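# A closer look at the structure
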Amino acid sequence: MQISSDSFKKTGLLHEQSLIDGEWRESATGHRISVSNPATGSVIGSVPDMSFEETNQAIAAADKAQKGWAKRTAAERAALLEAWFDLTMSKQQELGALMTAEQGKPLQEAMGEIAYAASFIKWFGEEARRVSGRTVPSPWPDRRIVTLKEPVGVCAIITPWNFPAAMITRKIAPALAAGCAVVIKPSELTPFTALALADLAEQAGIPAGVINVVTGMPTDIGAALTQSETVRKLSFTGSTRVGALLMAQSAPTIKKLSLELGGNAPFIVFDDADLDAAVEGCIASKFRNGGQTCVCSNRILVQAGVYESFAEKLAAKVNAMRVGAGDVEGTEIGPMINAEAVAKIDGHVQDALAQGAQIVGDRPAIPKGDTYVAPVVLKDATAQMRLASEETFGPVAALFRFQTEQEAVALANDTPFGLAAYFYTRDHARAWRVGEGLEAGLVGLNVGIMACDVAPFGGVKQSGLGREGGTEGIEDFLETKAFHMGGLS
């Protein structure tokens, strides 16, 4: 499918304004931000750079809409979310193409993300009907106590560029299901997918002002969201550095926070693992979205007995990968998001090579352009290399050697992060020991992908706070009220 700005305009999905209170708006200053296709560098379109004051207008619109939205029955909210799900899936290919244009990932992968994003809309629409309190046995004979679950209120949603659809719906679907209204600040690199999803939500019947999308640079928008006393909850996915900044900025207003932050995921391969399955799992974990995911395996720890065999098997697959533009059929690794990302990836590889790492086999050819990186398998990685402690966020598989199970767990946990961890073994006892010993919010045994709508997602340590997805995902958008009723004797 060939991608062009004209084709998007014909579908009506390309919106170049912010959405506030059901209206498409420009910035009062007239300032705009261009959005480019990372595969070609060509400009797709532009969006307004909204101000502090305009963000406050969006917050006010959400506050006004939230009161009526919260009064709707759970069944009514669920039905509207179901309609949004249906509309989203009916536009799966068009939305996927739009995402590929602004983010770069292969078209089939982008369409898969649309389905993944839509699954959260459906799941939390269903969860809306299951929000309930409980009866508490009273210590007083003339009093009854019940707990009520109520929406937290207006929510600020700040999302990254690497999953422009899924990071939106994983946050706003539970917010809407709970009865909250939202103000979304999408990445300035990938705003069009967010705007298209918001448009489809309103087409589905979700009232104006319940979903607001404010485009622009983060400083002023973020300041308005964190300083506002009306915003009672902030949900952010991105770097630990920015997450800590938002946490500090939110402290004066004591906001409820969900933070899904950086990772440094270990991928452990034990001697008794099914090596072919481990290779497939490693490719799924490491190279999805070109390695630009917070849960991708950053350190691949391989036991000495299978180290060489695993390296050869993995390199044979990786070196056969096709690198190219996302809209070219057969592409497995698309462009990185920008030239700065490429520079970081290349810096990690060069640092590793300078300290004794070795490239396994011949890397694939790449197209011309400053956003392409050839995937690579590196042997003999050590803890002193930058890629051992820094998140590479690219298609670099660095293999570390270990001897014992205890050493593997210690190496895996030797990081301030704790988002995801993976390990492969066929030993039942080891599975429990290692699974319980790994310090991570998500642990995968003999699997390379864990994210889904029905299970909680989130990290420990400096990888964040709170959980998204699953039954737990809606709880972060609810407050519990204890209701004491006296005078019943």
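Residues numbered from 1 in each chain as written. Predicted model: local features only at pLDDT ≥ 70, side-chain atom pairs only at ≥ 80, totals over all residues. Heavy atoms only, no water.

## Some points on the overall build of the chain
Helix and strand counts for the chain stand at 16 helices and 22 strands. Summarising its shape, the C-alpha atoms of the chain cover approximately 75 × 60 × 40 Å along the three principal directions. Burial statistics for the chain: of 489 residues in total, 56% are counted as buried. Carbon and sulfur atoms provide 53% of the accessible area of the chain, an area that totals close to 18,900 Å². (Helix = DSSP H or I, 4+ residues; strand = E, 2+ residues; numbered from the N terminus. Buried < 20%, exposed > 50% of the residue type's maximum accessible area, 1.4 Å probe, protein only. Areas by Shrake-Rupley, 256 points an atom, 1.4 Å probe, with all protein chains shown as cover.)

## So, helix α14 (residues 405–413)
E405, A408, V409, A412 and N413 are the residues of α14 that are buried. With its buried residues spanning 120 degrees around the axis, α14 presents them on a single face. (Arc of directions from axis to C-beta.)

## A short note on the sheet that holds strand β19 (residues 442–445)
Read across the sheet, seven strands follow the order β14-β15-β16-β13-β12-β18-β19 without closing on themselves; strand pairing throughout is mixed. Both edges of this open sheet fall to β14 (358–359) and β19, since each of them pairs with a single strand only. Where strand β12 (residues 265–269) lies against strand β13 (residues 297–303), five bridges are found, and the strand directions are parallel. Note on β13: the bridge partner recorded for P266 is R299. Along the sheet face, helix α11 (residues 307–318) touches β12, β13, β15 (376–379) and β16 (396–402) and points at about 175 degrees away from the line of β16. Sitting on the sheet, helix α12 (residues 339–354) touches β14, β15 and β16, and the angle it makes with β15 is about 30 degrees. (Pairing = 2+ DSSP bridges. Contact = heavy atoms within 4.5 Å. Axes fitted to C-alpha atoms, helices over the stretch in contact; angles between N-to-C directions.)

## Some thoughts on the packing of aromatic side chains
Centre-to-centre distance and the angle between the planes together describe a pair of aromatic rings. According to the stated counting rule, one finds five aromatic pairs in the structure shown. A centroid spacing of 5.0 Å and a plane angle of 65 degrees characterise the contact between Y116 and F120, whose relative ring orientation is edge-to-face. Of the two residues, Y116 and F120 both sit in helix α5 (residues 107–128), four residues apart, roughly one turn of that helix. An identical accessibility class is assigned to Y116 and F120; each is buried. (Phe/Tyr/Trp six-rings, centres within 6.5 Å; stacked < 30°, edge-to-face > 60°.)

## Focus on the pattern of salt bridges
Evaluated as defined, the whole model comprises 23 salt bridges. One salt bridge connects D272 with R430, and the closest N-O pair in it is separated by 3.2 Å. Separated by 158 residues along the polypeptide, D272 in the loop between β12 and α10 (275–287) and R430 in helix α15 (residues 428–437) bring together distant segments of the chain. Exposure remark for D272: the relative accessible area of 23% places this residue in the partly exposed category. Take R430: its relative accessible area is 13%, and that puts it in the buried class. E390 is the partner of R386 in a salt bridge, and the nearest nitrogen-oxygen pair spans 3.2 Å. On the basis of relative accessible area, R386 is assigned to the partly exposed category, the value being 32%. Through salt bridges with shared partners, a single network forms among R170, K171, E260 and E468. (Salt bridge = Lys/Arg side-chain N within 4 Å of Asp/Glu carboxyl O.)

## A word on unusual backbone geometry
Positive phi values are uncommon outside glycine, yet I254 reaches one of about 50 degrees. Overall, I254 belongs to the exposed group, its relative accessible area being 63%. Its identity as a non-glycine residue notwithstanding, N446 has a phi of 60 degrees, on the positive side. Within the secondary structure layout, N446 lies in the loop between β19 and β20 (460–461). Residue class for N446 comes out partly exposed when judged on its relative accessible area of 36%.

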